[in-house]
Amino acid sequence: MVNIPLCSFSLSSIFRCVYPTTPIKLGAGGWSPLDTDRYPWLQVNLGSRKQVVAIVTQGRYGSSDWTSKYRLLYSDTQKNWRPYLQDGNIWTFEGNVNSHGVVRHELQHAILAHYIRFIPVDWSREGRIGLRLELYGCSYWADVISFDGNGVISYRFRSKKIKIVKDVISLKFRTTAGDGVVLHGEGQQGDYISLELRRARLQLSINLGSNQYGSIQGHTSVTSGSLLDDDHWHSVVIERYRRNVNFTLDHHTQHFRTNGEFDHLDLDYEISFGGLPISAKPSSGGRENFVGCMEGITYNGDNITNLVRRKKVDTSSFRNLTFSCAESNSFSVFFNSTSFLRLLGQSDSDTLSVSLSFRTWNPNGLLMFTALADGWVEVGLTEGKVTVYMNVTQKKNTRIDISSGSGLNDGQWHSVHLNALENYAMLTVDGDEASTVRTAIPIQIQTGGTYYFGGNFLHTNTRSLQRSFQGCMQMIHIDDHLADLRALEQDLAGSFENISLDMCAIIDRCVPNHCEHGGSCSQTWNTFSCNCTGTGYTGATCHRSMYQQSCEEYKHQGKSSGNYWIDPDGSGFISPFRVTCDMAEERVWTVLKNNLSPQTSVTSTNQEGKASPLSRVCFQVLSVTSSAEYCDQFVAYACRMSRLLNTPDGVPFTWWVGRSNERHSYWGGSGPGIQKCSCGIEHNCTNPKHYCNCDADLRSWREDAGLLVYKDHLPVSQVVVGDASRAGSEAKLTIGPLRCQGDRERSFWNAASFTSPASYLHFPSFRGETSTDISFYFKTSSTHGVFLENLGTTDFLHIELRGSRVFFSFDVGSERVELSVHSPVPLNDDQWHRVEAEKNIKEAVLLLDGKYKEVRSTPPQGHAKLEFYSELYVGASNRQRGFLGCMRALRINGVTFDLEERAQVTPGVNPGCQGHCSSYGMHCRNGGKCVEKYNGYTCDCSLTAYDGPFCTDDVGGYFETGTLVRYDFLPEGGTPAFQEMKSVSSVGVPGEANLTQEELVFSFSTSSAPSILVYISSRTQDYLAVVLRTLQVRYSLGGLTEPYTIDVDHRNLANGQPHSVNISRNFREIRLQLDHYSVSTYSLPEASDTHFNLVKSIFLGKVFETGQIDPILIARYNTPGFVGCLSRVQWNSMAPLKAALRSGPAAPVSTHGILVPSNCGASPMTISPMASASDPWHDTESPFDSRVSSARSRKNIRDPSVWFAGIISMVIFTAICIMVFVVRHMFRHKGSYHTNEAKGAESADCADAAIIVNDPAFTETIDESKKEWFI
C-alpha cells in the first residue's frame, strides 16, 4: 500500500469533513465536494513517481454519500493529465453501492505517476458524492535525459564491428514532436536498425542483409502506435532473436520475421539514441533528431542512461545535458458531444480575430461560434475541411462561405486562424500562408464579444447544422490574445459545461488495428469500422472467412469441378487462395497449378534463366498437403545430350528443392533415398548401365518422367539443372501441378453421435482471443440440448438448442450477452443444420443455416480476451440436459476438433453419424440414388445414363460409319452377371417381359441422314425404332398391317447441333418431346396391341439382327449407318451406351466398329430457343404431326421456285456436311498420356523399389554451371 500523508490530498472543493483528522483515507471520514462544483475532483500527490497497481474505494463514513462510478487521471507534473485506458476506451470504474462497502480494482496495466486525480462520474441518489480511498503500488526510479534536438547519445562498442544474433533494447520516451530519430545503428555491409517517430507513429526498420537480391530486399519496416506526440510516457521494448522480432509499444506486441536470408545484425562502431550519429552514411541523413525526454535506455543489458550520468558515454553533442524533463506549457481542453466552452473578447470591434489548434477523428463538428451585432460567424469542420459561415443581417440577409484544408480529421494537431476586417475575411489552416483563402465582406462587421467553442450550446437566430465537436483544443487566441484556460478552473475567465481541463483524451481506435486479415480501419470519435474489401473475409472485424475450407466442402454443396477459393484454416492466419477442384471421381482432387510452361527449354543461352515460384506461400501449400491422404506431382525431363542424375553413387547433375528448402536427387517414379528415375526402378532404361534414360547422354531425344508421390517433400519449388551448357546439349523441363486428395484430418465429416442426455465429450479449453468463432453441424430428433459450454473465473460461453431456437450466450466482464435465432422449420427434423457463432470486440453474431441471423453490439469490455479455466464440454453441461443426436465439423477459431477420436474412448458417445442422405440426397441428379457411407454419402449412378459424383456427367460416344452398339436382354436363366444386374433394378426390363409402358430418352448430334438412331427389337415382330431423315418414331406392336408412325416435319435435325428426344408410352398414349418444345401427345390406333412382347435387344446407330425386320428400315435407313454422337441413352432403367463404354466384359453389350467416348451429343444447343411467333419451324397446330400432315406439305413441292431453292440448299448443305465429317474424323481421336509411377514395396522386384518411402540421406555439392528453376 502507498503511504499517503494527509497533506498530499488536494480538492476541487469540499462540502464537509466528518472527521477532519482523516478525511480521505479508508476508515473514518471521507470527502464530498460542494454542490456548485461543476468539475469535482480529488487529487493525490504521491511524493514522487510511483507504480500504482490497485485502487480501493469506500463511501463517506456514516452517511448516504458514495461514488458509484469514477474515472482516473494521472500525471507527472499536475498538468497535461492522462486518462486511464482499458480495452481501448477511457475506463469508467465501478465504485460503491453504499457508504461502508469496500471495492478494490486491480489495474489491468500498472501506471507510473506522481499525481493521481479521481473524477466522480456517478454517485448516490440518496445523498451526494462521497469518497474514501487507498492506493496500492511501489516505488519507481529511472534516469531521465532531456533531448533538445541537437544532442545525440553515441554508445560505442568495445570492438569496431559486432555481429549480433540476439538483441534486447528498451526505453521510455515522452515528446510533443511528431517526428524524430529515437535510435539508429548501421554497418558497412548495409545492415541497420532504426527506430523513428513519423507523424507521431513509431517505425522500426531492420535490415539483416540478403545475398541473393541485394540488401534492399532485406529491408523490413513495421509501424506501431499513434498520437505519440501527446507529451506522455510511452514504453518501447525490441526483442530480436535471429530473424524473429517482438516489437512492443505500451503493452501491445507485434510479432514479425525480417526479410532476407541472414540472422545476424552487423553494426559498426556505435549505436546512437536521439538522432543519427556523425558516422552515419549520407543516405541516412535528412531526418530530424528527437526532441523530448527518454528514460531507462538499455541496450543488450547495458544501462545507457546510467552510463550517461556516469559520463561513460559520449555526449559532446549536447549543449546543455540535463537529467530532468521540462514541464509542458500547453493546456488542452477536451470536448465530448455534450461540451461547450464560453470565452469573452472585445465587443463592438470592427475586427474579428480567432485562432486555435484542434485534433479530432470526426469529419464534422462546430469549432467556434460568435454572434455579431448584425448576424453571426461560425467556424467548423465539414467533411474534414475547415469551413467558415458568415451571416450578416444588416440591411439584407447576406451569407458568406469559405473553406480550406482537407483530411483534417486525421487525429493530428491542426491550426486555424480567421481574420475579418476592413470588408474582407482571411482563413489560414496549419500556418500555410500561401494557401490562405480571402473573400470580400459587403459591409463592416461589429463583434458581439462572446465566443462559444465546442458546439453544444443554445444559439438562437441561427440555422447551424453543425454537430458538436468531439476532440481537443489548445492555443485559443481571441483578438490576438492567448486565452488563459487555466483560469477556468477558478471561474476567473469564461464558463464551460462537461469539458475536461488540461487533458486531451483522444484515442486512436485503429491502433492497434482490430481489423483482421489486412482489413482497413477507419474511425470516428466513438467507434471504428473495418473495410474488408479484397481480403476474403467478412464481418465487423474481417474475422470470418468468405470461403469453404476445402474442395470436399464445395462438393457437398452440390458444386461441380472448377476453380474455387479455399481457406483451409478458416479464420486463421493463412489467407484464402485459388485452387482447382476436380470432382469427376468419388474422391475429390485439389489441384495447385504453377506457372512454369510445359516443355520449358533449358539451353546454354539462358544461364540465369528463372521461372516464378508457386503463386501460393508455403503455409498455403502446407495446409493442403498436411491435411491430404495422398499427393503427387508429375515431373518430366526431356533431353538430348543432357544428363539428369548421373549414377546412384555419383554427384547428381540435377536436383529439385521441395518443402522445407531441402534438396532431393530422385526423380518421378522413384522415391526418397534412391538416385534413380522410373526406368531405373523398372529396369527398362535406354542404357542398362544407367538408371535414367537421359544419363545415357545420347544425341537423340529421350525423356525421364513420372510422379513424385512422397507428399512430405512436395511441392517442387525449384529445379537446378546442371548439364545443359555443353555444345549440343538441350533439355526441356515440365513440372505438373500439385494434386492432393483425401481428408487426412477428416475435418468435414468428423462426427460423433450422442446417445444419452448425460453423455458428453471434453476437450482442453481453447485459447481465448478478442475474436472467437465457432461453427458446427447438428441433426437431432430432440427439442432441447446443450451443444457446448466453457467456463472461466469471470467468463462464460454457452450454445444451446431450445425448441425452434438456438441460443448463444457469453460473458463480457460483468455483463452477459445472449443471442437467439428462431428457425421457421423444425430443428428436430433429423436434418443437418449449421450453427455459426462469432464474438469480436464490435459485435456478436449468431447464424443458423446461413439464413437466420441475429447481430448484437458487444459491450466496451469486449476488448478483453476470454479466459477459461474448465475444459470445453461438447454435448452437455454441468447444469442442463445434454444434446441427443449427431454433431460434426466442430471448428473453433479455424481449428477442427476431433470428435471421432474422443468418442472412441467416451461412454455414451459413438464415432460417426448416419443419415446423410436425408440432407444431401437432393444433390444426386438424373435418377441417381443416394447411398449412406460412414463418413458421408455417395451417389449411385448405375441405373442412370449419367456418371460422375452427382450423376450429372453425360456418357456418350462418337459413332463412325458402320459403328453399332447392341445391348441384349437375356431370357430368364441368363448369365450370373446379368442376373445380378437385373436384381438391382426394380423397374428395369427383365427378359421375356411384356411391357405396357416404357420410356426412351437420348440426345444426338449428326450432320448426315438418313440413319437409325435407336432400334429396340423383340423375340416376336414387335419393335420400336427412332430414325432420322426427318425425325420419325415407328411403333410396331401387332394388330396393324403397317407400323404406327410419328413424323416430325419441317425440321432438319441433321444440322450438327445437339438435340434431345424423350419418348414415353403408357398403354395407347404416347408422349413425345423434342428439345425445348412442348410435349405432344399421340394415341395408338384401337386395332393396335398395347403390349411390347418379349423385348430382345437395343441397337444404337445401326441394326444387325437375325429374323424378320421391317424392310423399309433396312432399305432406307440402315446403310451406311449413323455417323455422329449419341449421349444419355436410357431405356427405362437400362443405359446401353453407358454399359458399352463403362462396363466389363460380363455385361450383355457388344460394340462393332469404332466407338470413341464423347459427350458431343449432349452439349447445350448453340442456337437459343425462339418464341413461337419467330420460330420458322413452329407449326400452329403442333411442332410434331403424324404422317397425315405430310399431304398438306406435298402440294407446295410442285412450285418450281421451291424446287430451285431446294436444289441450291441441298448442294450447300451437302458441302457443309462433308466439311463437318472431315473435321470430326481428323480430331475425334484423343491422345493418351503415360507416366511411369513407382510401384509399392509389396510388388517391388529390387531393393531400390522396396525403400522408396525412406527419407533421403545424401550430401550434394553445387556446381556453378547449374541453372535454377523456381516453380
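Residues numbered from 1 in each chain as written. Predicted model: local features only at pLDDT ≥ 70, side-chain atom pairs only at ≥ 80, totals over all residues. Heavy atoms only, no water.

The name recorded for the chain in an unreviewed UniProt entry is Contactin associated protein like 2b, from Gasterosteus aculeatus aculeatus. Taken directly from UniProt, the Sequence similarities (unreviewed entry) text for the chain runs: "Belongs to the neurexin family." (UniProt positions renumbered as here; feature names shortened; annotations may be inferred.)

Section: the overall build of the chain
For the chain, the count of helices and strands is 12 helices and 87 strands. Looking at the 1271 residues of the chain, the share that counts as buried comes to 52%. Sequence separation of 24 or more characterises 70% of the internal contacts of the chain that already satisfy a separation of 6 or more. For the chain, the computed accessible surface area is about 56,700 Å², with 51% contributed by carbon and sulfur atoms. (Helix = DSSP H or I, 4+ residues; strand = E, 2+ residues; numbered from the N terminus. Buried < 20%, exposed > 50% of the residue type's maximum accessible area, 1.4 Å probe, protein only. Contact = heavy atoms within 4.5 Å. Areas by Shrake-Rupley, 256 points an atom, 1.4 Å probe, with all protein chains shown as cover.)

Section: the packing of aromatic side chains
For the coordinates displayed, the defined rule picks out 34 aromatic pairs. Relative to Trp-565, the ring of Tyr-547 has its centre 5.9 Å away and its plane inclined at 25°; by these criteria the two rings are stacked. Taken together, the residues span a long stretch of sequence, with Tyr-547 in the loop between strand 41 (544-545) and helix 2 (551-555) and Trp-565 in strand 42 (residues 562-566) at a distance of 18 residues. Owing to a relative accessible area of 26%, Tyr-547 belongs among the partly exposed residues under this scheme. Taken together, the aromatic side chains of Phe-754, Phe-776, Phe-778, Phe-787 and Phe-883 make up a single cluster linked through ring pairs. Across the ring face of Trp-655, the terminal group of Arg-663 is positioned such that the distance to the ring centre comes to 4.6 Å. (Phe/Tyr/Trp six-rings, centres within 6.5 Å; stacked < 30°, edge-to-face > 60°. Lys NZ or Arg CZ within 6 Å of the ring centre and 35° of its normal.)

Details of the sheet that holds strand 20 (residues 265-273)
Read across the open sheet, the six strands follow the order 11-20-13-14-15-16; overall the sheet is antiparallel. Single-partner strands in this sheet number two, and they are strand 11 (153-164) and strand 16 (219-224). Within this sheet the neighbouring strands show an average axis-to-axis angle of 15°, counted without direction. Where strand 11 and strand 20 come together, eight bridges link them in antiparallel fashion. Counterpart to Ser-154 in the pairing with strand 20 is Ser-272. (Pairing = 2+ DSSP bridges. Axes fitted to C-alpha atoms, helices over the stretch in contact; angles between N-to-C directions.)

Some words on the pattern of salt bridges
Counting across every chain of the model gives 34 salt bridges. Two residues, Arg-726 and Asp-697, come together in a salt bridge whose shortest N-O distance is 2.8 Å. Of the two residues, Arg-726 sits in the loop between strand 50 (718-721) and strand 51 (730-741) while Asp-697 sits in the loop between helix 4 (678-682) and strand 49 (702-708), which places them 29 residues apart along the sequence. Among the residues examined, Asp-697 registers a relative accessible area of 26% and is labelled partly exposed. Each member of the salt-bridge network shares a partner with another, and the members are Arg-643, Asp-697, Asp-723 and Arg-726. (Salt bridge = Lys/Arg side-chain N within 4 Å of Asp/Glu carboxyl O.)

Quick look at the side chain of Ser-623
Structurally, Ser-623 can be placed in helix 3 (residues 618-627). Sequence-distant contacts of Ser-623, defined by excluding residues within four places in its chain, comprise Pro-568, Ile-574 and Phe-577.

Regarding the UniProt feature "domain: EGF-like" (unreviewed entry) in the chain
Using the residue numbers shown here, the UniProt feature "domain: EGF-like" (unreviewed entry) corresponds to residues 506-543 and 914-952. End-to-end, the C-alpha atoms of residues 506-543 are 27 Å apart, and along that stretch the chain is 0% helix and 26% strand.

A closer look at the side chain of Ser-1036
Mapped onto the elements, Ser-1036 comes out in strand 76 (residues 1031-1036). Those residues in contact with Ser-1036 that sit more than four places away from it in its chain are Gln-1021, Asp-1022, Tyr-1023 and Pro-1043.

A closer look at the state of the cysteines
Enumeration according to the criterion identifies 13 disulfides in this entry. Two residues share a disulfide in this structure: Cys-551 and Cys-581, whose sulfurs sit 2.0 Å from each other. Because the sign of the S-S torsion sets the handedness, a value of about -75° for the bond joining Cys-551 and Cys-581 places this disulfide among the left-handed ones. Here Cys-551 is found in helix 2, whereas its partner Cys-581 is found in strand 43 (residues 577-582), with 30 residues between them in sequence. Residue classification places Cys-581 among the buried positions, given a relative accessible area of 1%. Across the disulfide from Cys-639 sits Cys-694; the S-S distance is 1.9 Å. One quick way to see it: the torsion about the S-S bond of Cys-639 and Cys-694 is about -100°, and its sign makes the bridge left-handed. (Disulfide = S-S within 2.5 Å.)

Description of the sheet that holds strand 83 (residues 1124-1131)
Judged by pairing direction, the sheet is antiparallel, and its seven strands sit side by side in the order 80-79-78-73-83-70-85 without closing on themselves. Edge positions in the open sheet fall to strand 80 (1080-1083) and strand 85 (1155-1157), since each of these has one partner strand only. Adjacent strand axes in the sheet meet at a mean angle of 25°, parallel and antiparallel pairs treated alike.

As for the nonpolar core
Core analysis: the largest hydrophobic core is formed by 56 residues, its most contacted members being Leu-341, Phe-358, Phe-453 and Ile-476. Counting 44 residues, the second-largest nonpolar core is a separate cluster that includes Leu-995, Leu-1037, Phe-1092 and Phe-1122. (Core = buried A, V, L, I, M, F, W, Y, C linked by side-chain atoms within 4.5 Å.)

As for helix 3
Every buried residue of helix 3 is accounted for by Gln-620, Val-621, Ser-623, Val-624 and Thr-625. In this structure, the buried side of helix 3 is in contact with strand 42, strand 43, strand 44 (589-592), strand 46 (630-640) and strand 51.

Overview of the pairing of strand 29 (residues 398-404)
Side-chain direction in a regular strand flips from residue to residue, so the side chains alternate between the two faces of the sheet. Residue alternation in strand 29 divides its side chains into a buried set, Thr-398, Ile-400, Ile-402 and Ser-404, and an unburied set, Arg-399, Asp-401 and Ser-403. The pairing of strand 28 (residues 385-392) with strand 29 spans seven bridges and is classified as antiparallel. Bridging across to strand 29, Met-390 finds its partner in Ile-400.

Section: the environment of Ser-560
Examined against the element boundaries, Ser-560 turns out to sit in the loop between helix 2 and strand 42. Residue classification places Ser-560 among the partly exposed positions, given a relative accessible area of 48%. Each C-alpha atom of the pair Ser-560 and Asp-582 lies 8.0 Å from the other, and the pair is 22 residues apart in sequence.

A few points about the pairing of strand 70 (residues 956-959)
Of the two faces of strand 70, both are covered, the one formed by Gly-956 and Tyr-958 as well as the one formed by Gly-957 and Phe-959. Note that strand 70 and strand 83 share four bridges and pair antiparallel. Residue pairing in the sheet places Gly-957 in a bridge with Leu-1126 of strand 83. Relative to strand 85, strand 70 is paired through three bridges, and the arrangement is antiparallel. What sits directly across from Tyr-958, in strand 85, is Val-1156.

Here we look at the confidence of the model for the chain
Note: predicted coordinates in regions of low pLDDT should not be interpreted at a detailed level. Summing up the model confidence of the chain, the mean pLDDT is 82 and the portion of residues at 70 or higher is 81%. Ranking the elements of the chain by mean pLDDT puts helix 10 (residues 1190-1197) last with 36 and strand 17 (residues 234-241) first with 96. With pLDDT under 50 throughout, residues 459-463 is counted as low confidence; its partners more than four residues away or in other chains account for eight contacts. Segment residues 604-613 is flagged for pLDDT under 50; beyond a separation of four residues in sequence, or across chains, it makes 21 contacts in the model. (pLDDT = per-residue confidence, 0-100.)

Remarks on the environment of Phe-496
Along the chain, the position of Phe-496 falls in strand 36 (residues 495-497). Separated by 458 residues in sequence, Phe-496 and Arg-38 place their C-alpha atoms 8.7 Å apart.

Here we look at the environment of His-414
By secondary structure assignment, the location of His-414 is in strand 30 (residues 414-421). In this structure the C-alpha to C-alpha distance between His-414 and Val-429, which are 15 residues apart in sequence, comes to 7.2 Å. Residues within four places of His-414 in sequence aside, it is in contact with Leu-356, Ser-357, Phe-358, Leu-408 and Asp-430. Engagement of the side chain of His-414 in a polar contact is seen with the side chain of Asp-410, the distance being 2.8 Å. (Polar contact = N/O pair within 3.5 Å; in protein donor to acceptor, adjacent residues only side chain to side chain.)

Focus on unusual backbone geometry
Residue Ala-1009 is joined to Pro-1010 through a cis peptide bond whose omega torsion reads 5°. Within the secondary structure layout, Pro-1010 lies in the loop between strand 73 (997-1006) and strand 74 (1011-1018). Along the chain, Thr-1119 connects to Pro-1120 via a cis peptide bond; the corresponding omega equals 5°. With respect to the helices and strands, the residue Pro-1120 is situated in the loop between helix 8 (1111-1116) and strand 83.

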